[in-house]
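One-letter residues, chain by chain:
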Amino acid sequence: MRLPIRWLALPIALCAASPAAFARDPALLGPYLGASIGDSTVQFKDDETRQEFDADDTGFKINAGYRIIDWVAVELNYTDFGQPVDRIFGVDMEAQYTAVSVSALGMLPLGSNFDLFGRLGLARLDADFSARGFAGSDSDKSTEPLFGIGAQFRASNLAIRIEYEGILLDANNRDDDDWWDDWNDDDDWDDHNDSDWVSMLSLGFTYKFGGAPR
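Looking at the nonpolar core
- With 20 residues, the main nonpolar core has Phe53, Tyr97, Ile167 and Val198 as its most contacted residues.
- For this core, the secondary structure elements donating two or more residues are strand 1 (30–45), strand 2 (52–69), strand 5 (91–110), strand 6 (114–131) and strand 9 (197–208).
- If you tally residues by element for this core, the top one is strand 6, at five residues.
- Counting residues in hydrophobic clusters, the runner-up holds five residues, among them Tyr32, Ala73, Leu105 and Met107.

Next comes the structure, spelled out in structure tokens:
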């Protein structure tokens, strides 16, 4: 599942345009912790061979956040995208991605129990790529942009959250960061939007500490 960047940023724009988003509700504010589990996808294409890695696995996320005002929160997340495997040139190739990210969430309260939100941030991505049945692996670390869109239902201090988030691979189009036979190196920006992502659709919860119950 891939969404254009303009759609991922839409909830943040809605928050900025909505007068209701600027109303202050102390019950919404404060620190929280949470966790999610979901379906992660790794997709990227090698420009030279035109081979595409496209596989899913189960991933999870742990997050710590603080809702500063009704319509803005900040989060620090750790995400493990699992170990998806795809067959390339007759060999089972395994990709392992983890990320530590910091992001801002634009929150749009809807009534007394619902929020829509959009996420913009940066992720420090740790990638490892190996061929099953062969010794050794290639790895790389990079800092990439993070986008997300989601919704949550609040019941007192507990919130149930569904979210789609994506990390754009090799966003700065470096020529010297190849960690597997020129994988992740696209020649232009349009290719990034079309194919080179690690993403996850997840379901989880957050629990807010202190203050008035929401």
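Digging into the packing of aromatic side chains
- One pass over the structure, following the stated rule, counts seven aromatic pairs.
- Where Phe53 meets Phe129, the ring centres are 5.5 Å apart and the plane angle is 65°; that geometry is what we call edge-to-face. Of the two residues, Phe53 is situated in strand 2 and Phe129 in strand 6; the sequence distance between them amounts to 76 residues. The two residues Phe53 and Phe129 agree in class, both being buried.
- Arranged with centres 5.2 Å apart and planes meeting at 75°, the rings of Tyr207 and Phe209 form a pair that is edge-to-face.

Considering the environment of Phe60
- For Phe60, the position within the fold is in strand 2.
- Owing to a relative accessible area of 34%, Phe60 belongs among the partly exposed residues under this scheme.
- A sequence separation of 22 residues divides Phe60 from Gly82, and the C-alpha atoms of the two residues are 7.8 Å apart.
- Setting aside chain neighbours within four positions, we find Phe60 in contact with Ser36, Ile37, Tyr78, Thr79, Asp80 and Met200.

Overview of the pattern of salt bridges
- What the rule picks out here adds up to nine salt bridges.
- Put simply, Lys61 and Glu165 hold a salt bridge, and the shortest N to O gap is 2.6 Å. Taken together, the positions of Lys61 in strand 2 and Glu165 in strand 8 (residues 158–168) put the pair 104 residues apart, joining distant regions of the chain.
- As a salt-bridge pair, Asp115 and Arg154 come within 2.7 Å of each other at their nearest N and O atoms. With a gap of 39 residues between them, Asp115 in strand 6 and Arg154 in strand 7 (residues 138–155) connect regions that are remote in the sequence.
- When its relative accessible area of 1% is taken as the criterion, Asp115 is described as buried.
- Taking the relative accessible area as the measure of exposure, Arg154 reaches 2% and is therefore buried.
- In the salt-bridge network here, residues are joined through shared partners; they are Lys61, Glu75, Arg119, Arg161, Glu163 and Glu165.

Thoughts on the pairing of strand 4 (residues 85–88)
- What you see with strand 4 is a clean split: Asp86 and Ile88 sit on the buried side and Val85 and Arg87 on the side with no burial.
- Across four bridges, the pairing between strand 4 and strand 5 is antiparallel. Counted as the bridge partner of Val85 is Glu94 from strand 5.
- The turn linking strand 4 back onto strand 5 is made up of two residues, and Phe89 within it adopts a positive phi angle of 55°.

What to know about the environment of Glu75
- Looking at the secondary structure, you find Glu75 in strand 3 (residues 72–80).
- Relative accessible area serves as the criterion here: at 2%, Glu75 is assigned to the buried category.
- When the C-alpha positions of Glu75 and Ser101 are compared, they lie 8.0 Å apart, and in sequence the two are 26 residues distant.
- Look past the residues within four positions of Glu75 in its chain and what remains in contact with it is Tyr32, Asn63, Ala64, Gly65, Ser101, Val102, Ser103, Leu105, Arg119 and Arg161.
- At a separation of 3.1 Å, a polar atom in the side chain of Glu75 contacts the side chain of Arg119.

A look at the pairing of strand 2
- As defined by bridge partners, strand 1 adjoins strand 2 across 16 bridges and the pair is classed as antiparallel. Bridge pairing in strand 2 places Tyr32 opposite Gly65.
- In the sheet, strand 2 pairs with strand 3 via nine bridges, with the strands oriented antiparallel. What sits directly across from Lys61, in strand 3, is Thr79.
- The turn linking strand 2 back onto strand 3 is made up of two residues.

Conventions we followed
Residues numbered from 1 in each chain as written. Predicted model: local features only at pLDDT ≥ 70, side-chain atom pairs only at ≥ 80, totals over all residues. Heavy atoms only, no water. Core = buried A, V, L, I, M, F, W, Y, C linked by side-chain atoms within 4.5 Å. Buried < 20%, exposed > 50% of the residue type's maximum accessible area, 1.4 Å probe, protein only. Helix = DSSP H or I, 4+ residues; strand = E, 2+ residues; numbered from the N terminus. Phe/Tyr/Trp six-rings, centres within 6.5 Å; stacked < 30°, edge-to-face > 60°. Contact = heavy atoms within 4.5 Å. Salt bridge = Lys/Arg side-chain N within 4 Å of Asp/Glu carboxyl O. Pairing = 2+ DSSP bridges. Polar contact = N/O pair within 3.5 Å; in protein donor to acceptor, adjacent residues only side chain to side chain.

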